[in-house]
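# Working through the structure, step by step
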Amino acid sequence: KWGLIDSIQQLQDSKWSSSTIYQYLPRAILITDPERQTASIHHLNDQYQVIREESIHFVYQRMHWVDHRYNENGQLVEEVSGLNDAIEKRTLYYYENPKADNFSSWQAFDTAGKLTAESKIAVQGNESTYLFYRDGTLELKIVSKDLGNHQYESTVFDKQDKITSKTIQTKESSSNFQ
């Protein structure tokens, strides 16, 4: 009915090596990999948004988890993650307006509340700028432009503002796939 996958079979040298199995419960998705001895549970709210992820590795006896919090508009505003019983990181997400589908920036904090990383995304006309900071220092900048005619240009800059790569992509229009 929903078109959801029930498993992914992994091959190595043309031979079966493992399976990832998906089970859909009323308010959760259970993902297991018997070969790797792992399981993940994705708890869902009434809007089918993930509110908690738990990944359990039975061999190492550890559980990684992430709690997700949304605002009244359904936008992700906070993630708190940890290992076993200890919090490791808190990430806050910010939006340009209450109707925005995508966040415009985020900030990550360590267990002491110190800002460790942040990202800012600015869109102006046909150009998007992505900035990534670690410990207050600009580490990466990506400027993407829509050149029209299904062409997009991305320029990547390092922390010294030197160009490290430049790519131009051409995307096929959907009318070519009839």
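Overview of the structure. (Residues numbered from 1 in each chain as written. Predicted model: local features only at pLDDT ≥ 70, side-chain atom pairs only at ≥ 80, totals over all residues. Heavy atoms only, no water.)

## Some remarks on a nonpolar patch on the surface
Defined as follows: Patch construction takes residues with relative accessible area above 30% that form no salt bridge. Like charges are linked within 9 Å, and nonpolar side chains (Val, Leu, Ile, Met, Phe, Trp, Tyr) are linked within 5 Å. Note on areas: Shrake-Rupley with a 1.4 Å probe; residue coverage comes only from the protein chains shown. Whenever a carboxyl oxygen of Asp or Glu lies within 4 Å of a side-chain nitrogen of Lys or Arg, that contact is scored as a salt bridge. We count a stretch as a helix when DSSP gives it H or I for four or more residues in a row; a strand needs E for two or more, and each element gets its number in order from the N terminus.
A cluster of nonpolar residues, Leu4, Ile5, Ile8 and Tyr24, forms a patch on the protein surface that exposes about 350 Å² of accessible area. Position of leucine 4 among the secondary structure elements: in the segment before β1 (7-12).

## Quick notes on the pairing of strand β8 (residues 86-94)
Where we set the bar: Note on pairing: DSSP must find at least two bridges between two strands before they are called paired.
Bridge analysis of strand β7 (residues 76-83) against β8 gives six bridges, and the strand direction is antiparallel. For serine 81, the partnering residue across the bridge sits in β8 and is lysine 89. Hairpin connection between β7 and β8: a loop of two residues separates the two successive antiparallel strands, and asparagine 84 in this loop has a positive phi of roughly 55°.

## As for the pattern of salt bridges
All told, the structure shown has 10 salt bridges when counted by the stated rule. One salt-bridge network, in which partners are shared between bridges, spans Arg52, Glu54 and Asp67.

Limitation: the analysis is restricted to geometry and does not speak to function.
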